[in-house]
Amino acid sequence: MNVYSKFSSLMHSHTSMLHVLPSPFNPKHNLCSFTFTSFLSTNPENPISYILTKCIALLQFCASSKYKLRQIHAFSIRHGVPLNNPDMGKHLIFTIVSLSAPMSYAYHVFTILHNPNVFTWNTMIRGYAESENPSPALHIYRQMLVSCVEPDTHTYPFLLKAISKSLNVREGEAIHSVTIRNGFESLVFVQNSLLHIYAACGDTESAYQMFELMKDRDLVAWNSVINGFALNGRPNEALTLFREMSTEGVEPDGFTVVSLLSACAELGALELGRRVHVYLLKVGLRENLHVTNSLLDLYAKCGSIREAQQVFSEMRERNVVSWTSLIVGLAVNGFGEEALELFKEMEGQELVPGEITFVGVLYACSHCGMLDEGFNYFRRMNEEYGIMPRIEHYGCMVDLLSRAGLVKQAYEYIQSMPMQPNAVIWRTLLGACTIHGHLSLGEIARSHILKLEPNHSGDYVLLSNLYASERRWSDVQTVRRSMIEDGVKKTPGYSLVEYGNRVYEFTMGDRSHPQSQEVYKLLEKITELLKLEGYVPHTANVLADIEEEEKEQALSYHSEKVAIAFMLLNTTPGTPIRVMKNLRVCADCHMAIKLISKVYDREIVIRDRSRFHHFRGGSCSCKDYW
């Protein structure tokens, strides 16, 4: 059936439902008082032109639903308006896009138009940019150039929006070059679009260069570059830009606040996050669901889970993201039982959990040793909610078995998976082999990792730890030589702490801080006090065949211990200490920090690569199951 026949058929099947639209020339008339057929009560000299004018007016004033849109279109076809009329097509496509009707409909109309103008081309690009599938926008743009239609000032912002949603930075660079050649780069909305695409695609350097070149920076520009840094692992730069934004008198909005909270969460800058919390209450953003979800996420990621629960309890509106954030937050903070209770409460509210919700639930089971519960939730995920397990869910199950010491069962589970295991899953098994001493399985896991991600420094370290635990020093040296030959550098461990409106970074043996002498003197005192409490350094995994005394000294200078000593030196007694670490806390540091929390009567919260540890009174929230 051709397009004309399709719409004619539609018109005939709905003739009894056409009495719904008012006269466009008197908008005050009742919306249901006018009919299409009253168009024909007059005898205009040019009926086609008259019908066209009326239909365009109806599209402009009355098209409040997708159904009426098709009625008007069908009516125009039935009464002789040509299918390829550019005026009718222009307004029709604009209305389709404005109502977020299917772009397939807009495209069918577009393909039969006779010489569409630049407005129509731009509308098509805009429609795809705002749709779930933005990629055809670039195809439309190229067709536009082939048709010898010159782009105007509106073309590139829509096009760049589509490219940013597609995360195609190369195409963004190409279009950037075109805007420079065509003289559009100086326009603020083009600059903002270019800035947004670089930030969205993770090219923060290009985004910042674009930002620096802008003479007029509005709130959109500031938000784009701050958010780009916040989401791409550069939170310090995001906070620095926010301070600069404040000095230039630019007032932040909800989007700015969300970016700031993300940056604070990444850094573990709890105090700064609290100040942002005060600010958003002051400016009336507490009812913004996106903002409150980000605030909840901040407190959970900074280890202040009770504050996260308070934010959750005060929320007037909650969505699945709110529930999921708190479930995951409780799980990673070591409160797995509470996470599962909250999940049951969520189910009681008849909310449908998503994939990420179940990642949190399975994570809670894994870190609390709830083996049977974990397998039960994994089964329910698919059977009750129709969620097909993804690689992340299978990873949680491998982790669940590995943490329980069931390393052989974990290996068998990996082999029975319906999808190819990724490097993360094999790395989980390798880590379990290191902890529980399964050398042969560890070597199998390492061989699989080499095929998937051959130059990941952490894998060399895990294998070295495994050999070191077996005192196979020659194999340790072989692994370390392989690292050098393969050009792989070990990721240096670092720890972050927040003090006095700043975030300080410490690395192992770092002496660059002005207080280094006092910090290391305190570290020696801490070690002496811990030994009085029965502390014996855990030197088994120090990656060298050196004297025991040298191993103990190496352990004493791990970054988290240096950071804790710095905070003990500078904060008042009883003040909680929060440390963010990029690597997993080692067994020796875990044992030592438990004792430090007892000796100095401090709550110490450590966020490592995989979870939180809340140390208090000589014990840890993980119950040594980590």
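About the cut-offs
Residues numbered from 1 in each chain as written. Predicted model: local features only at pLDDT ≥ 70, side-chain atom pairs only at ≥ 80, totals over all residues. Heavy atoms only, no water. Helix = DSSP H or I, 4+ residues; strand = E, 2+ residues; numbered from the N terminus. Buried < 20%, exposed > 50% of the residue type's maximum accessible area, 1.4 Å probe, protein only. Contact = heavy atoms within 4.5 Å. Areas by Shrake-Rupley, 256 points an atom, 1.4 Å probe, with all protein chains shown as cover. pLDDT = per-residue confidence, 0-100. Phe/Tyr/Trp six-rings, centres within 6.5 Å; stacked < 30°, edge-to-face > 60°. Lys NZ or Arg CZ within 6 Å of the ring centre and 35° of its normal. Axes fitted to C-alpha atoms, helices over the stretch in contact; angles between N-to-C directions. Parallel < 35°, antiparallel > 145°, perpendicular 65-115°, else oblique. Left-handed = near helix turned anticlockwise from the far one by under 90°. Nonpolar A, V, L, I, M, F, W, Y, C, P; charged D, E, K, R; others polar.

Visitor: Which residues make up the overall build of the protein chain, and what are the values?
Guide: Scanning the protein chain from terminus to terminus reveals 31 helices and six strands. The buried share of the protein chain, reckoned over its 626 residues, is 50%. A fraction of 63% describes how many contacts in the protein chain between residues 6 or more apart in sequence connect residues 24 or more apart. When the accessible surface of the protein chain is totalled, it reaches about 30,100 Å², and 53% of it is carbon and sulfur.

Visitor: Mind laying out the confidence of the model for the protein chain, listing which residues take part and the relevant values?
Guide: Averaged over every residue, the pLDDT of the protein chain is 82; residues scoring 70 or more account for 88%. A low-confidence stretch, residues 543–551 (pLDDT under 50), is modelled with 14 contacts involving residues beyond four sequence positions or located in other chains.

Visitor: Can you lay out the packing of aromatic side chains for me, pointing to particular residues and giving the numbers?
Guide: Counted under the stated rule, the structure contains 18 aromatic pairs. With a centroid separation of 5.4 Å and an interplanar angle of 65°, the aromatic rings of Phe343 and Phe358 are classed as edge-to-face. Of the two residues, Phe343 sits in helix H19 (residues 336–348) while Phe358 sits in helix H20 (residues 355–367), which places them 15 residues apart along the sequence. Assigned by exposure class, Phe343 and Phe358 land together as buried. For the ring pair Tyr499 and Phe566, a centre distance of 6.0 Å and an interplane angle of 90° mean the geometry is edge-to-face. One end of the pair, Tyr499, is in strand E1 (residues 494–499); the other, Phe566, is in helix H30 (residues 559–570), and 67 residues separate them in sequence. Exposure remark for Tyr499: the relative accessible area of 30% places this residue in the partly exposed category. The residue whose ring lies beneath Arg217 is Phe211, and the NZ or CZ to ring-centre distance is 4.2 Å. Positioned above the aromatic ring of Phe335, the side-chain terminus of Arg306 is 4.7 Å from the ring centre.

Visitor: Could you give an account of the packing of helix H23 (residues 407–415) against helix H24 (residues 423–436), naming the residues involved and the relevant values?
Guide: Packing of H23 against H24 brings their axes to within 10 Å, and their N-to-C directions diverge by 165°. Here H24 runs roughly antiparallel to H23, going by the angle between their axes. Read as a crossing pair, H23 and H24 show a hand that is left-handed. Across the interface between the two elements, Val407, Ala410, Tyr411 and Ile414 from H23 touch Ile425, Trp426, Leu429, Ala432, Cys433 and His436 from H24. Class assignment of the residues belonging to the contact of H23 with H24 gives a composition of nine nonpolar, one polar and no charged.

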